[in-house]
Amino acid sequence: MSEEQVRVRYAPSPTGMQHIGGIRTALFNYFFARSQGGAFILRIEDTDQTRFHEDALRDIYETFAWLGIEPDESPDHGGDFGPYVQSERLQRYQTYAGELVASGRAYLDYTSAQRGEQGAAPYACEGRDLSPEEIQRYKDAGVRPVVRLLVPLEGTTEFDDLVLGRIKRKNKDLPPDPVLLKSDGFPTYHLANVVDDHQMKITHVLRAQEWVPSTPIHLLIYDAFGWEPPRFAHLPMVMGKDGSKLSKRHGATSVIEFRRQGYLPQAVMNYVTLLGWSFDDSREFFSRQELEELFKIEKINKAPAVFDYRKLDWFNGQYLRELSPEQLTGELLPWLQAEGWAATPATEEDRTRLLALIPLIQERLKLLQDVVPLTRFLYQDITSWDAQALVPKKASVREALEWLDQAWAVVESQGLADQEELDEAFRRAADAAGTKVGNLLMPLRVALTGGTVSPPLVGSLKELGMDRARERIAGARAVLEATVS
Ligand code: GLU
């Protein structure tokens, strides 16, 4: 077994958008394959045609492309074991189901039509022992059978899960006689999944813990065929901070939604890989290349992982700081374009202007979209000021007016050339006014930028230019004056 080439797969059903849990499974498989010099396969499990969505299928490819996950074999890339879309493999499932019926490990059940094909306990075994006459009656009535696995009523099915350890189930506690092939000739998940994992020579199945109850059934199917099963590693659940299963309620869960909100794929990839996996107890930052080398199944945790949006934001901020000014400019331009602040395609001038702003904003960005509020004051005129914002807490309107004038007088006399001298002059002015520098500068900051949170004052002023700055001071003064009188 040790010489085998590792082959793993991510097998999404295109029924909804790719979410954090799904992509975590994809990444673990991908990194495990890479770390072992193995193959990573993308297989589309679309046999439930009632739940199939074209958008969901597109979303799988879009998410992979965004995260930079490149499967070695997939519907797009092809491979030796295709097709990689289950709806294109129907014939095989039918043949294999027929084999199990012939060998007596599965049977044709004519009674399912009356109670729905997914019918579980207590009815599911009802069709096992029909007499030939009864079967004939169903046939005459045009009833098409389903194929059911014959689950032994005695014994146990057990396996060693690479994460959870030994798992043991009494056969009598398994869902009795699950359907393998529906009456329309479509396989169920159980049959298609097992046949494909076998045919695609999958060596390890890494999938979410919610599939643990299915695994004994799969093992019975492998056994019925006389095939060696792959090894299984069931991944811990991903929970919200409140301890419940991660859902929309906790915020964005679709991966593409994270892109829309301005997360970087490398930050999402890094953070998601830490949901239930760790290299050691402390290290948090890993490049894709490092994960491709370092990932180990032994380091997957059993305990549920907690998805913390604030932590992801922090990660994203760290990754944004790592970008070169040119890279960051490239990432941010689409956000300006969406506001109409840069042309599409962006001109050289758009680029240069934004590049000059990078030193002002890079440290302050958590998400790419933060560029909009941070630079709005440069790209848009301010036509009204919030009087309340202009007045620092506990100060009077009159004080705010004085501080605005004093701070601006410092700028006019000192100029912007020497930051240290300017800071010193602000400090002296604050002392003279009997307040803190932060208070002294607040009305000026709000006058110039329209808000209390902004890039550093001097840099902002330089970008704004003295003429526009003077206009804004006048505008803000007028608002304060009107409030005073
Ligand atoms: N199609 C299943 C899903 O959507 C695959 C489960 C498995 O990996 O076996 O999650």
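Residues numbered from 1 in each chain as written. Predicted model: local features only at pLDDT ≥ 70, side-chain atom pairs only at ≥ 80, totals over all residues. Heavy atoms only, no water.

Here is the rule: UniProt positions are given in the numbering used here, feature names are shortened, and annotations may be inferred rather than shown by experiment.
The protein chain appears in an unreviewed UniProt entry as Glutamate--tRNA ligase from Alkalispirochaeta sphaeroplastigenens. The record held by UniProt for the protein chain lists under Function (unreviewed entry) the comment "Catalyzes the attachment of glutamate to tRNA(Glu) in a two-step reaction: glutamate is first activated by ATP to form Glu-AMP and then transferred to the acceptor end of tRNA(Glu)." According to UniProt, the comment filed for the protein chain under the heading Sequence similarities (unreviewed entry) is "Belongs to the class-I aminoacyl-tRNA synthetase family. Glutamate--tRNA ligase type 1 subfamily."

**Regarding the overall build of the protein chain**
Quick note on the threshold: Counting from the N terminus, the helices are the DSSP runs of H or I reaching at least four residues and the strands are the DSSP runs of E reaching at least two. Three labels apply to residues, based on accessible area from a 1.4 Å probe with only protein chains included: buried if under 20% of the type maximum, exposed if over 50%, partly exposed otherwise in between. Working rule for contacts: check all heavy atoms of both residues, and any pair within 4.5 Å makes them a contact. Note on areas: Shrake-Rupley, 1.4 Å probe, and residue coverage restricted to the protein chains presented here. Within this scheme the basic residues Lys and Arg register as positive and the acidic residues Asp and Glu register as negative, but His and the chain ends are omitted. Charge placement uses NZ in Lys and CZ in Arg. For Asp and Glu, CG and CD serve respectively.
For the protein chain, the count of helices and strands is 19 helices and 11 strands. Along the three orthogonal principal directions, the C-alpha set of the protein chain runs to about 105 × 50 × 40 Å. The burial tally for the protein chain puts 48% of its 485 residues in the buried class. Contacts in the protein chain between residues far apart in sequence, at least 24 positions, make up 74% of those at least 6 positions apart. Surface accessibility of the protein chain: about 23200 Å² in total, with carbon and sulfur atoms responsible for 49%. Of the side chains in the protein chain, 56 bear a positive and 71 a negative charge, and the two mean positions are spaced by 4 Å.

**Regarding the site of the ligand**
Note the following rule: By convention in this text, a residue qualifies as near a molecule or strand provided that one of its non-hydrogen atoms is within 4 Å of it. Pairs of N or O atoms within 3.5 Å make up the polar contacts considered here, provided that, within protein, one atom can donate a hydrogen while the other can accept it, and that residues adjacent in sequence are counted only when both atoms are side-chain atoms. All residues other than Ala, Val, Leu, Ile, Met, Phe, Trp, Tyr, Cys, Pro, Asp, Glu, Lys and Arg, Gly among them, are scored as polar; the first ten of these are nonpolar and the last four charged.
In the vicinity of the ligand, the residues found are Arg-9, Ala-11, Ser-13, Glu-45, Tyr-189, Asn-193, Arg-207 and Trp-211. Note that a nitrogen atom of the ligand is positioned 2.8 Å from one of the backbone N or O atoms of Ala-11. Taking 300 Å² as the accessible area of the ligand by itself, protein coverage stands at 84%. Considering only residue class, the shell around the ligand consists of 3 nonpolar, 2 polar and 3 charged.

**Things to note about the sheet that holds strand S3 (residues 106–109)**
Paired through backbone hydrogen bonds, the strands of a sheet run either parallel or antiparallel to each other. Condition: Between any two strands, at least two bridges found by DSSP are needed for them to pair. A fitted line through C-alpha atoms serves as each axis, taken over the contacting stretch for helices, and the angle formed by two N-to-C directions is quoted from 0 to 180°.
Taken together, the 3 strands give an open sheet; going across it, the order is S3-S4-S7, and neighbouring strands pair in antiparallel fashion. Among the strands making up the open sheet, the edge pair consists of S3 and strand S7 (179–181). Shown here is a sheet whose adjacent strand axes are inclined to one another by a mean of 40°, direction ignored. As paired elements, strand S4 (residues 146–149) and S7 share 2 bridges and run antiparallel to each other. Residue pairing in the sheet places Val-147 in a bridge with Leu-181 of S7.

**Brief notes about the pairing of S4**
A two-sided burial pattern is seen for S4, the buried positions comprising Val-146 and Arg-148 on one face and Val-147 and Leu-149 on the other. As defined by bridge partners, S3 adjoins S4 across 4 bridges and the pair is classed as antiparallel. Counted as the bridge partner of Leu-108 is Val-147 from S4.

**Some thoughts on the pattern of salt bridges**
Threshold: In the sections that follow, a salt bridge refers to a side-chain nitrogen of Lys or Arg positioned within 4 Å of a carboxyl oxygen of Asp or Glu.
Considering all chains together, one arrives at 29 salt bridges under this definition. Between Asp-223 and Arg-105 there is a salt bridge, with its nearest N and O atoms 3.0 Å apart. With Asp-223 in helix H6 (residues 215–225) and Arg-105 in the loop between helix H3 (90–103) and S3, the pair connects residues that are 118 residues apart, well separated along the chain. Overall, Arg-105 belongs to the partly exposed group, its relative accessible area being 27%. In this structure, Arg-128 and Asp-177 form a salt bridge, with 2.7 Å as the shortest nitrogen-oxygen distance. Taken together, the residues span a long stretch of sequence, with Arg-128 in the loop between S3 and helix H4 (132–140) and Asp-177 in the loop between strand S6 (165–170) and S7 at a distance of 49 residues. Each of the salt bridges in this network shares a partner with another, and the network as a whole consists of Arg-9, Arg-43, Glu-45, Arg-89, Asp-196 and Asp-197.

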